[in-house]
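Each chain is listed here by its residues.
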Amino acid sequence: MRSMSKFTKFVFDLDNTLVETNIANNLSYMCAIKEVLHEDFCFTPKQRFTRDRLLAFFPGVSQSQYDEIVAVKKKLFHSHIAETTLNINLVKILKILRRNNYDTILLTNCRRERAMSICSYYDITKYFSELYFFEDKIRTKYDVLQRKGYNMESIVLFENESESKEDAIRNGIIIENIISVYF
């Protein structure tokens with residue numbers, strides 16, 4: 001990693017980087033599937049269940065059922081938020097960076113409402129100078145940073161997903177500036 005300057009931007013992913021959310025996410029989907037489809041459905045808690053997986057596991061689900069499951073899942077997530085886990089060490093780094101007036105950016109594929117719910121639950125919103133969500137992106141979450149005119153080579157990224165790291169590199173973030181985070 002190059003030496004840090006005040007021009008360096010520190011970018012943090014949310015899901016399973018700053019906060020482990022798989023269990024809460026998956027429990028919310030399981031309850032939503034039970035409520036809408038009247039089916040008991042279990043899957044590996046560590047593996048993240050997504051909207052795409054919903055269609056893979058239930059290929060015959062109608063569009064209205066799909067939409068209802070997603071809506072119920074969104075509504076139920078907050079009731080499972082206590083099942084999330086804060087990455088305490090990474091938050092310590094975030095706090096130190098903010099205290100030293102570095103730009104700290106939340107950049108997530110998470111939708112705004114859920115991301116803000118998580119950040120509020122852990123009272124970490126105040127440690128970010130900027131926040132960008134699923135709704136802010138066009139192709140990938142990194143195009144937000146490009147549209148804002150950031151020097152992609154001056155970004156330090158904290159990320160857990162391999163695919164997202166590859167997207168970051170394709171969008172100009174230097175591989176040495178990507179810090180892999182695992183729970």
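Engineer: Would you explain the packing of helix α1 (residues 22-37) against helix α3 (residues 63-77) in this entry?
Structural biologist: Helix packing geometry: the angle between the two helix axes and the distance between the axes. Axis separation between α1 and α3 bottoms out at 8 Å; the angle between their running directions is 135°. One finds that α1 runs oblique with respect to α3. Considering only the axes of α1 and α3, their crossing is right-handed. Of the residues in α3, those in contact with Ala-24, Asn-25, Ser-28, Tyr-29, Cys-31, Ala-32, Ile-33, Glu-35, Val-36 and Leu-37 of α1 are Gln-65, Glu-68, Ile-69, Val-72, Lys-73, Leu-76 and Phe-77. Among the residues making up the contact of α1 with α3, the classes are represented as 11 nonpolar, 3 polar and 3 charged.

Engineer: Any chance you could explain the side chain of Arg-114 here in plain terms?
Structural biologist: For Arg-114, the position within the fold is in helix α5 (residues 112-122). Residues in contact with Arg-114, not counting those within four places in the same chain, are Asp-15, Thr-21, Arg-48, Lys-73 and Phe-77.

Engineer: Can you walk me through α5 in this structure?
Structural biologist: Since the α-helix advances by 3.6 residues per turn, residues separated by three or four positions end up pointing in the same direction. Of all the residues in α5, the buried ones are Arg-114, Ala-115, Ser-117, Ile-118, Cys-119 and Tyr-122. Taken together, the buried residues of α5 touch β2 (19-20), α3, β3 (85-86) and β4 (103-107). Positioned one or two residues after α5, Asp-123 has a phi angle of 55°, which is positive.

Engineer: Is there a simple way to explain the layout of surface pockets in this structure?
Structural biologist: Any empty space left between the atoms is revealed when a probe the size of a water molecule rolls over them. If you add up the space inside the largest pocket, you get close to 980 Å³. For the largest pocket, the lining is made up of 33 residues, of which Arg-48, Thr-50, Asn-109, Cys-110 and Arg-111 are closest to its centre. Elements represented by at least two residues in the lining of the largest pocket include exactly α1, α2 (51-57), α3, α5 and α7 (162-170). Among the elements that make up the lining of the largest pocket, the one with the highest residue count is α3 (4 residues). Of the residues belonging to the lining of the largest pocket, the class tally is 6 nonpolar, 8 polar and 19 charged.

Engineer: I keep staring at the packing of aromatic side chains and nothing clicks. Help me out?
Structural biologist: Under the defined criterion, the tally for this structure stands at 9 aromatic pairs. Measuring from centroid to centroid gives 5.3 Å for Phe-10 and Tyr-102, while their planes differ by 85°, and the two rings are edge-to-face. Here the residue Phe-10 occupies a position in strand β1 (residues 9-12), and Tyr-102 occupies one in the loop between α4 (88-99) and β4, the gap between them amounting to 92 residues. Accessibility assignment for this pair places Phe-10 and Tyr-102 in one class, buried. Ring-pair connections join several aromatic residues into one group, and the members of that group are Tyr-29, Phe-41, Phe-49, Phe-57 and Phe-58. Note that Arg-111 overlies the ring of Phe-134, its terminal NZ or CZ placed 3.8 Å from the centroid. Across from the ring centre of Phe-77, 4.9 Å away, lies the NZ or CZ of Arg-114, which sits over that ring.

What counts and how
Within each chain, residue numbers correspond to sequence positions counted from 1 in written order. In view of the model being predicted, local features appear only for residues whose pLDDT reaches at least 70, and side-chain atom pairs are presented and counted only at 80 or more, with totals across whole chains, interfaces and linings using the full set of residues. Excluded from the side-chain calculations are hydrogens and water; all other atoms, namely the structure's heavy atoms, are used. In this analysis, axes come from line fits to C-alpha atoms, helices being fitted only over the stretch in contact, and the angle between any two N-to-C directions falls in the range 0 to 180 degrees. Think of it this way: any DSSP run of H or I at least four residues long counts as a helix, any run of E at least two long counts as a strand, and we number them from the N terminus. Angles are sorted into four bins: roughly parallel if under 35 degrees, roughly antiparallel if over 145, roughly perpendicular if 65 to 115, and oblique for all others. Less than a right angle of anticlockwise turn of the near helix away from the far helix marks a crossing as left-handed, whereas a clockwise turn marks it as right-handed. Note on contacts: a residue pair is in contact if any heavy atoms of the two residues lie within 4.5 Å. Note on residue classes: Ala, Val, Leu, Ile, Met, Phe, Trp, Tyr, Cys and Pro are nonpolar, Asp, Glu, Lys and Arg are charged, and everything else, Gly too, is polar. Partly exposed residues are those whose accessible area sits between 20% and 50% of the maximum for their type, while under 20% is buried and over 50% is exposed, using a 1.4 Å probe and protein chains only. Note on definitions: the grid is 1 Å and covers protein atoms alone; a cavity is a set of points where a 1.4 Å probe fits but cannot get out; a pocket is an open set with protein on both sides within 12 Å along at least five of seven lines; lining residues have an atom within 4 Å of a point. Grid points are joined across faces, edges and corners, and a volume is the space filled by probe spheres set on the points. The aromatic pairing rule takes the rings of Phe, Tyr and Trp, using the six-membered ring of Trp, and pairs them if the centres are within 6.5 Å, calling planes under 30 degrees apart stacked, those over 60 edge-to-face and the rest tilted. The criterion is that NZ of a Lys, or CZ of an Arg, lies within 6 Å of the ring centre and within 35 degrees of the ring normal, and then a charge sits over that ring.

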